[in-house]
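Okay, here's what each chain looks like letter by letter:
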Amino acid sequence: MPPTDSSNTLRYYFRFRLSHRLLHGLLMGSFLGLAATGMPLRFPQNAWAVSFTHAVGGFRAILFFHLTFAVLLTLCFFLHLGQILHAAIIKKEAGIFWGPTSLVPQPKDLRDMLQHFRWFLGLGAKPRFDRFTYWEKFDYWAVFWGMAIIGTSGYMMWFSSFFGRFVPGWIFNITLLIHADEALLAVWFIFAIHFFNGHLRPGNFPMDRVIFTGRLSERELEEKHPEEYKRRIAAGSLAEIAADPPPDWLDTLGKIVGSAALAIGFLLLVLTLLAFVAN
Amino acid sequence: MLLNWRQFLRDSAPCREVLSALPRRRWLTAAHSPLSHPRRTALTFPGSPWLYLVAGMLLLGSGRLSAQDCLGCHSIEGLNSERPALTIAPEDFENSIHAALGCSICHTDVVEFPHGTVEQPSCAACHSEQVSEYESSVHGRAKANGDGDVPNCQGCHGPIHALQSVSNANSPVYHLNLPATCGKCHGNAELARKHGIPITNAYQLYMDSIHGRAVARSGLLVAANCSSCHGSHEIRPRNDLDSKVNRKNIAATCGACHAGILASYFPSVHGRAMQAGNLKAPVCADCHTAHQITRVDSESWQLELIQECGTCHEESIRTYRDTLHGQVTALGFTRVARCADCHGSHEILATADPQSSVSPANRVRTCQQCHPQATASFAQFSPHADPKNRERNPGLYYTARFMNALMVVVFGFFGLHTILWLVRSLLARSRPGKPPEEEVWIQPPKEDR
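Keep in mind the model is a prediction, meaning the values are calculated, not measured.

**Q** Quick rundown of the overall build of chain A? Include the residues and the values.
**A** Across its full length, chain A holds 11 helices and 3 strands. From first element to last, N terminus to C terminus, chain A shows the α and β order β-α-α-α-α-α-α-α-α-β-α-α-β-α. Projected onto the principal axes, the alpha-carbon positions of chain A cover approximately 60 × 40 × 40 Å. Burial analysis of chain A (279 residues in total) assigns 33% to the buried set. Taking all contacts inside chain A whose residues are at least 6 apart in sequence as the whole, residues at least 24 apart take part in 76%.

**Q** How would you explain the overall build of chain B if you had to name every residue and give the values?
**A** Scanning chain B for helices and strands turns up 23 helices and 0 strands. Across chain B, every contact between residues at least 6 apart in sequence was considered, and the portion connecting residues at least 24 apart equals 47%.

**Q** If you had to explain the sheet that holds strand β2 (residues 215–217) of chain A to someone new, which residues and values would you point to?
**A** Across a sheet, strands are paired by hydrogen bonds formed along the backbone, either parallel or antiparallel in direction. Residue and element names in this part refer to chain A. Strand order in the open sheet formed by 3 strands is β2-β1-β3, with antiparallel pairing between adjacent strands. The open sheet terminates on both sides in strands that have one partner only, identified here as β2 and β3 (242–243). Pairing between strand β1 (residues 12–14) and β3: 2 bridges, direction antiparallel. Within β3, the residue paired with Y12 across the bridge is A243.

**Q** Break down the environment of P172 of chain B for me, with residues and values.
**A** All names here are of chain B. Tracing the sequence through the fold places P172 in the loop between α8 (153–157) and α9 (178–186). Once the C-alpha coordinates of P172 and H157 are considered, the two residues, 15 residues apart in sequence, prove to be 5.8 Å apart. Filtering out sequence-adjacent residues up to four positions away, P172 remains in contact with C156, H157, G158, N177 and T181.

**Q** Tell me what's going on with the interface of chain B and chain A, and back it up with residues and numbers.
**A** Opposite the 51 residues of chain B that make contact, chain A presents 46 residues. Ranked by residues supplied to the side of chain B that touches chain A, first place goes to helix α23 (residues 394–430) of chain B with 18 residues. Class assignment of the residues belonging to the side of chain B that touches chain A gives a composition of 28 nonpolar, 15 polar and 8 charged.

**Q** Outline helix α14 (residues 247–255) of chain B, supporting the account with residue identities and numerical values.
**A** Residues and elements named next belong to chain B. Taken residue by residue, α14 has R247, I250, A251, T253 and C254 as its buried positions. Take α14 and look down its axis: the buried residues cluster within an arc of 165 degrees, on one side only. Elements that come into contact with the buried residues of α14 comprise α13 (226–230), α15 (259–265), α16 (269–275) and α17 (284–288).

**Q** Can you tell me about the confidence of the model for chain B, naming the residues and giving the values?
**A** Residues and elements named next belong to chain B. Taken as a whole, chain B shows an average pLDDT of 84; of its residues, 82% reach a score of 70 or greater. Averaged over each element, pLDDT in chain B is lowest for helix α2 (residues 13–21) (43) and highest for α15 (97). Within the model, pLDDT remains below 50 along residues 1–44, and this stretch shows 45 contacts once partners closer than five positions in the same chain are excluded. Confidence drops under pLDDT 50 across residues 437–449; counting only partners more than four residues distant or on other chains, this segment forms 32 contacts. Across the predicted assembly, pTM comes out at 0.79 and ipTM at 0.91.

**Q** Just give me the short version of the nonpolar core, but keep the residues and values in it.
**A** Membership of the largest hydrophobic core comes to 47 residues, with the highest contact counts inside it found for L73, L177, A186 and V187 of chain A together with L331 of chain B. Of all the secondary-structure elements, those providing two or more residues to this core are α1 (18–42), α3 (59–90), α5 (134–158) and α7 (170–200) of chain A together with α20 (324–330) and α23 of chain B. In terms of residues, this core owes the most to one element, α7 of chain A, which gives 17 residues. Apart from the residues lying within four places of it in its own chain, the contact partners of L331 of chain B are P40, L41, P44, A49, V50, T53 and F59 of chain A. By size, the runner-up hydrophobic cluster in this structure holds 21 residues, among which are V173, L178, A224 and Y265 of chain B.

**Q** Describe the environment of E299 of chain B, listing the residues and the values that go with them.
**A** On the secondary structure map, E299 of chain B appears in helix α18 (residues 299–312). The spacing of E299 of chain B and R335 of chain B is 36 residues in sequence and 9.8 Å in space, taken between C-alpha atoms.

**Q** Which residues make up the environment of G155 of chain B, and what values go with them?
**A** One can find G155 of chain B in helix α8. Residues G155 of chain B and T181 of chain B, 26 residues apart in the sequence, show an inter-C-alpha distance of 8.6 Å.

**Q** So what about unusual backbone geometry? Which residues, and what values?
**A** With an omega dihedral of -5 degrees, the bond running from F205 of chain A to P206 of chain A counts as a cis peptide bond. Take P206 of chain A: it is sitting in the loop between α7 and α8 (210–213). Located in the positive-phi region is K92 of chain A, a residue other than glycine, with phi close to 50 degrees. Relative to the elements of secondary structure, K92 of chain A occurs in the loop between α3 and α4 (107–120). The phi angle at T289 of chain B is positive, at roughly 65 degrees, despite the residue not being glycine. Mapping T289 of chain B onto the fold places it in the loop between α17 and α18.

**Q** For the packing of α1 of chain A against helix α11 (residues 248–278) of chain A, give the residues involved together with the corresponding values.
**A** Residue and element names in this part refer to chain A. At a minimum axis distance of 11 Å, the contact between α1 and α11 shows a crossing angle of 30 degrees. By the criterion of interaxial angle, the relationship of α1 to α11 is roughly parallel. As α1 runs across α11, the sense of the crossing is left-handed. Residue-level contacts link M28, L32, A35, A36 and M39 of α1 to A261, I264, L268 and T272 of α11. In terms of residue class, the contact of α1 with α11 is built from 8 nonpolar, 1 polar and no charged.

**Q** Residues and numbers for the confidence of the model for chain A, please.
**A** Mean pLDDT for chain A: 92, with 97% of residues reaching 70 or above. Taken as a whole, residues 1–8 of chain A scores under 50 in pLDDT and shows 10 contacts with residues more than four places along the chain or in a different chain.

**Q** Give me the packing of α7 of chain A against α23 of chain B: which residues, what numbers.
**A** Relative orientation of the contacting elements α7 of chain A and α23 of chain B amounts to 5 degrees, with a least axis distance of 10 Å. In this view, α7 of chain A runs roughly parallel relative to α23 of chain B, as classed from their interaxial angle. Contacts between α7 of chain A and α23 of chain B pair W170, N173, I174, L177, I178, D181, L185, W188, F189, I193 and F196 of chain A from the former with G395, L396, T399, A400, M403, L406, M407, V410, F411, F414 and T418 of chain B from the latter.

Parameters at a glance
- Residues numbered from 1 in each chain as written.
- Chains lettered and ligands numbered in written order.
- Predicted model: local features only at pLDDT ≥ 70, side-chain atom pairs only at ≥ 80, totals over all residues.
- Helix = DSSP H or I, 4+ residues; strand = E, 2+ residues; numbered from the N terminus.
- Buried ≥ 20, exposed ≤ 12 C-beta atoms within 10 Å, placed from the backbone.
- Contact = placed C-beta atoms within 7 Å.
- Pairing = 2+ DSSP bridges.
- Nonpolar A, V, L, I, M, F, W, Y, C, P; charged D, E, K, R; others polar.
- Arc of directions from axis to C-beta.
- pLDDT = per-residue confidence, 0-100.
- Core = buried A, V, L, I, M, F, W, Y, C linked by C-beta atoms within 7 Å.
- Axes fitted to C-alpha atoms, helices over the stretch in contact; angles between N-to-C directions.
- Parallel < 35°, antiparallel > 145°, perpendicular 65-115°, else oblique.
- Left-handed = near helix turned anticlockwise from the far one by under 90°.

Put into structure tokens, the structure is as follows:
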């Protein structure tokens, strides 16, 4: 698409710092791994599940990989907690817990959502989003909730003999059900809803590489996060997030990694949906 | 008596000349064991024909024919081109189990030389019990109905004039040879179809089975062959109540060798049901199959067995599949608990039975086989929990309801959200004029990077 900006010098701003991008990469990789090694067990009656498990090297192997990805995701979870604590205690960024730049839902998010629905139906203008939109916050908290639920239930089953000393055995019936259903919820949500919201919707299609490059053009920042742009202009803090243009190699890497993730995700989505309907 | 007659013949002077002119052969009598004589493979007939005539007259005069006398003619190649079986290789007969009996024991109607039409002798004259068993068998009845394909005595035992004892390794019905003998027909799919035999490749299946391999590869006389299970002369179709492979008789048939298994099967919940006449109760062949019996450590068989239990225990297999045990086995791995690991195999008892491996008293010990640290608390795990059963699994029931509701709410809301968004964006794009702000894909010019 030809450039729509009249000026030849486009300014770029950081949306995600390197540490966030790396953490998202770890999250993405371990989530894809967990989904790929977990779903065969969720739908074991299907030929693809049997073939994949054997291809990986059998039940012991697939379990090993599943547990390895689980440890990586747990690491990701705690690294993120560390990041939050670091921002809150060392950098004293009070804004991460409440306010326009926080991921904690704000009253504005509810208003934005309702306004967005009005726009869907042609009843009003598009809402003006701040740093994080309401669906991005939902994604974030869904993953947070999901990691806590799936992680806890998973570790309880991994160390069932240990936990069996404290909890009655029928809890393990429940942990498996929660683990499996919550995982299916997460897989479908990420590979259908998150993929659409983040990448596939007209406007972002085929993918939004901001999570890989970390950079937005000034125009994008203004269009996608007008409130944040406006606030930074007013406060004169736009320079704080000034960035160089995304390097070519990084953009290409983003395309490759993003396409691979989308492809794996869609394959898993289709396979699990078909298996779910067939059962 | 024969001996005396021969003695007489030998001692009488006029005969001596004739006898010395006859080819030197073994006397096929009880007094002259075939083994004590050197084997002659080719017969020659020296002397002039009248010599034979004299000999024949002398023999007739004695009133009794010996095998040697008969073979004088019946060993001639091409004796009757239409009935080649009339030519008998002397050594075959000499080595046969019946050699000592001579010919006229069976061919009682041959009393003169040369003879006219000879009746086919009946084996029943001596083997009346076996023949009457045969006549009531599936083979015998088919034969009586004019079925030309079914075997008669010779069909299995081999040519009558070369008949060997069942303990002789050359006999077609010798333990190690019998499968191939039965397989001549029961490995022929065309024959099986023609006669409506449900298993068209019993021989091939058997030869790949643990029994077949033990017989054919290991040469084990103690491994079951066809007749071990089906009987020999008395073979009956499996729906015949007297058949050794009828459902109600299978346990006893297998138990003839597997006595220890039979002893644990009979008191089991299945064994008792079977003895009470419950035709649905599993018998050996339901789990182990008939002709394809494999080693019990075969993984594919162990996994198939779960399905087999599930043919009756439908509810149990459905709930089993909801657990990790059931999922891993469904993927094709046996590392986790299968039905028999908890319930036992031949000795399965009802859960209510205190002796049962899954009775409340024994459950922890059963779990500990795989989970050594299992406690009574751990053993409260339900390997067959049904999320739809509120009475038995209230926690699971409500959790499942909650998860379902969560799914419906999340995908209901975001499904709608996504569809509305997509439609609105596409509509906005298709509208002529300035595209809405959000739909602009901003791609900086290459040179600006």
